[in-house]
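Spelled out, the chains give:
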Amino acid sequence: MTSNPNDVTGDGLALAYRAGARLVDMEFMQFYPWRLISYVTGRMPVQPSSFVAGAVLRNADGERFMPRYDPERGDATTRDIAARAIYTEILEGRGVHGGVRLDLSQAPLEEFIRLNPRVGRYFSDHGLDLATAELILAPEAHFLMGGVVIDENGRTSLPGLLAAGEVSGGSDGGNRLDSNAIPAGQVFGRRAGLAAAADAAARGGAGPGQEAVSRWASRFGRRAGQRAPGSPNGAGSGIDRKDIKRRINDLMLRAAGIRRDGARLAEGVRGAAILEADYLASADGPRDALAAIELENMALVASIVVRAAEFRTESRAAHYRDDYPVRDDAHWFANVYACQDADGQMALTKERIE
Ligand SMILES: Cc1cc2nc3c(=O)[nH]c(=O)nc-3n(C[C@H](O)[C@H](O)[C@H](O)COP(=O)(O)OP(=O)(O)OC[C@H]3O[C@@H](n4cnc5c(N)ncnc54)[C@H](O)[C@@H]3O)c2cc1C
């Protein structure tokens, strides 16, 4: 389950990586712990402030379990700890309908509605009573802290390539704080725009490499007219887009989800390579191009994430490994960088943070 719209598929990360830019800390994926999954259809998050206002989580035994995971803050803990706790309760058989219960009996209902107006509106519009409804929450994939390495003006390691927003990495450390992404996107977006304009003026305004454009065009144009009819988005074409997306989702959930370990990560690395080979073999003609590029990018980003998660043999921030459950500052107070080596292979390195 993800909070992101369907078109968030990692295109920017894959394009930058393929062009030769450095990526940083791709193992840090944030999961939002508190998505309401009972009654509602689309995404409806419950705000963290609800837990400060007295809402609590309970498992199938009716236990208020969060103090076991964070004795100091209990339910009002951070996103990474809450996501891990809820996931563990589900994994160990104490889940309720795929999540855990939200208990509002100790929280003033008006305050909960003030903090969660969409939830309040939805329930009143549908004639449901928040006080008696069985509210179930579950975690969802939400935000990637890693991304393309940028300097303070959005310049990447490649001259002429600038980045801002969620495609860039490093500014949130390993665990983004609430509400930082949009302001960061605005600040770095403005700076990157100004830097791009200055750089383009200095270089005479050279456009994107025509060679790269021709390479893609010839690859997907090579069998034009020889294929069965299909829609531009890949449905009914050589590529079964839905099937491959589902396989990538399954792979990422198993290998690089809320809790990770070496064996599952190694399996994920192998799985990502198989996926890449599978859909490349089924890409057939220009009508498949959009689906093929998107899926290729998804599989590439998936493989960078699992490789980086396998590389970092500790637990820190949003990256948690069952086989290395402790934060290890002696070896891993460091950023993990991913880029292509001279042979086009993925190279991972760590650099200590001074
Ligand atoms: C449900 C949800 C709630 C959130 N709530 C908050 C919040 O309250 N506060 C906060 O600070 N952050 C929040 N975030 C995070 C924040 O919204 C995102 O990090 C931020 O919007 C990312 O902005 P962006 O411009 O980098 O990327 P996007 O907003 O994803 O913009 C990228 C654009 O590029 C386009 N695009 C993609 N691929 C291609 C391509 N190949 N060619 C051309 N165009 C392309 C896309 O269509 C899109 O318009 C939330 C995120 C989600 C998913």
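These figures come from a predicted structure and were not determined experimentally.

Calculation rules
- Residues numbered from 1 in each chain as written.
- Predicted model: local features only at pLDDT ≥ 70, side-chain atom pairs only at ≥ 80, totals over all residues.
- Heavy atoms only, no water.
- Salt bridge = Lys/Arg side-chain N within 4 Å of Asp/Glu carboxyl O.
- Helix = DSSP H or I, 4+ residues; strand = E, 2+ residues; numbered from the N terminus.
- Buried < 20%, exposed > 50% of the residue type's maximum accessible area, 1.4 Å probe, protein only.
- Pairing = 2+ DSSP bridges.
- Axes fitted to C-alpha atoms, helices over the stretch in contact; angles between N-to-C directions.
- Phe/Tyr/Trp six-rings, centres within 6.5 Å; stacked < 30°, edge-to-face > 60°.
- Lys NZ or Arg CZ within 6 Å of the ring centre and 35° of its normal.
- Expected span 1.5 Å × (residues − 1).
- Contact = heavy atoms within 4.5 Å.
- pLDDT = per-residue confidence, 0-100.
- Core = buried A, V, L, I, M, F, W, Y, C linked by side-chain atoms within 4.5 Å.
- Parallel < 35°, antiparallel > 145°, perpendicular 65-115°, else oblique.
- Nonpolar A, V, L, I, M, F, W, Y, C, P; charged D, E, K, R; others polar.

Q: Please clarify how the pattern of salt bridges should be interpreted in this entry.
A: Overall, the coordinates contain 28 salt bridges when judged by the stated rule. We note a salt bridge from Arg 79 to Asp 178, for which the minimum N-O separation is 2.6 Å. One end of the pair, Arg 79, is in helix H4 (residues 79-91); the other, Asp 178, is in the loop between strand E7 (168-169) and helix H7 (181-203), with 99 residues separating them in the sequence. As a salt-bridge pair, Asp 199 and Arg 155 come within 2.9 Å of each other at their nearest N and O atoms. In this pair, Asp 199 is assigned in helix H7 and Arg 155 in the loop between strand E6 (147-149) and E7, connecting sequence segments 44 residues apart. Relative accessible area serves as the criterion here: at 30%, Arg 155 is assigned to the partly exposed category. The structure contains a network of salt bridges with shared partners spanning Asp 25, Glu 27, Arg 312, Glu 314, Arg 316, Arg 327 and Asp 329.

Q: Is there a simple way to think about the sheet that holds strand E5 (residues 135-144) in this case?
A: Strand-to-strand pairing in sheets goes through backbone hydrogen bonds, with the strands running parallel or antiparallel. Spatially, the 4 strands line up as an open sheet ordered E2-E5-E4-E3, and their pairing is antiparallel. Of all strands in the sheet, those with a lone pairing partner are strand E2 (29-36) and strand E3 (56-58), marking the two edges. Pairs of neighbouring strands in the sheet enclose a mean axial angle of 45°, with direction left out of account. Bridge count between strand E4 (residues 100-103) and E5: 3 bridges; the pairing is antiparallel. Residue pairing across strands places Arg 101 opposite Ile 136, the latter belonging to E5.

Q: Hey, could you run me through the packing of aromatic side chains in this one?
A: Geometrically, a pair of aromatic rings is defined through the distance of the ring centres and the angle of the planes. Enumeration according to the criterion identifies 6 aromatic pairs in this entry. Relative to Phe 123, the ring of Tyr 122 has its centre 6.2 Å away and its plane inclined at 65°; by these criteria the two rings are edge-to-face. Overall, the relative accessible area of 18% leaves Tyr 122 in the buried class. Of the residues examined, Phe 123 reaches a relative accessible area of 1% and is grouped as buried. Ring centres of Phe 311 and Trp 332 lie 5.5 Å apart, and the angle between their planes is 85°; this geometry places the pair in the edge-to-face category. Placement of the pair is Phe 311 in helix H11 (residues 289-311) and Trp 332 in helix H12 (residues 329-332), with a sequence separation of 21 residues. A network of ring pairs unites the aromatic residues Tyr 32, Trp 34 and Phe 51 as a single cluster. Above the face of the Tyr 337 ring, Arg 22 is positioned so that its terminal group lies 4.0 Å from the ring centre. Between Arg 43 and the ring centre of Tyr 32, over which it is positioned, the NZ or CZ distance is 5.3 Å.

Q: How should H4 be read in this particular structure?
A: Since one α-helical turn is 3.6 residues long, residues separated by three or four positions face the same way. Look at H4: 18 Å from first C-alpha to last across 13 residues, which is about the 18 Å you get at 1.5 Å a residue. With 11 of 13 residues buried, H4 lies mostly within the body of the structure. Considering only its buried residues, H4 is in contact with E2, E3, helix H3 (66-69), E4 and E5. Following H4 by one or two positions, Gly 93 has its phi on the positive side, about 85°.

Q: When you look at the confidence of the model for the protein in this model, what are you seeing that I'm missing?
A: Any segment with low pLDDT has predicted coordinates that should not be analysed in fine detail. Considering every residue of the protein, the mean pLDDT works out to 89; 88% of them sit at 70 or more. Confidence drops under a pLDDT of 50 for residues 222-236, and excluding neighbours within four residues, the segment shows 24 contacts in the predicted structure.

Q: Any chance you could explain the nonpolar core here in plain terms?
A: One broad rule of soluble globular proteins: the nonpolar side chains tend to lie buried together. Core analysis: the biggest nonpolar cluster contains 35 residues, and Leu 23, Met 26, Val 148, Ile 248, Met 252 and Ile 304 have the highest contact counts within it. At the level of secondary structure, the elements contributing two or more residues to this core comprise helix H1 (11-19), helix H9 (241-256), helix H10 (262-282), H11, strand E8 (334-340) and strand E9 (346-352). Once residues within four sequence positions are removed from consideration, Ile 248 is found in contact with Leu 275, Leu 295, Met 298, Ala 299 and Ala 302. Counting 26 residues, the second-largest nonpolar core is a separate cluster that includes Trp 34, Ala 55, Met 66 and Ala 85.

Q: Sorry, what's going on with the environment of Pro 33 here?
A: The topology assignment puts Pro 33 in strand E2. Note on Pro 33: relative accessible area 0%, which makes it buried. When the C-alpha positions of Pro 33 and Arg 79 are compared, they lie 6.1 Å apart, and in sequence the two are 46 residues distant. Filtering out sequence-adjacent residues up to four positions away, Pro 33 remains in contact with Arg 79, Ala 82, Ala 83, Ile 86, Ala 138 and Pro 139.

Q: Any chance you could explain the packing of H1 against H11 here in plain terms?
A: Angle between the axes and distance between the axes: these two values describe a pair of packed helices. Relative orientation of the contacting elements H1 and H11 amounts to 75°, with a least axis distance of 8 Å. The angle between H1 and H11 places the two elements in the roughly perpendicular class. Contacts from Asp 11, Leu 13, Ala 14, Tyr 17 and Arg 18 of H1 reach H11 at Glu 294, Glu 296, Asn 297, Leu 300, Val 301 and Ile 304. Tallied by class, residues from the contact of H1 with H11 come to 6 nonpolar, 1 polar and 4 charged.

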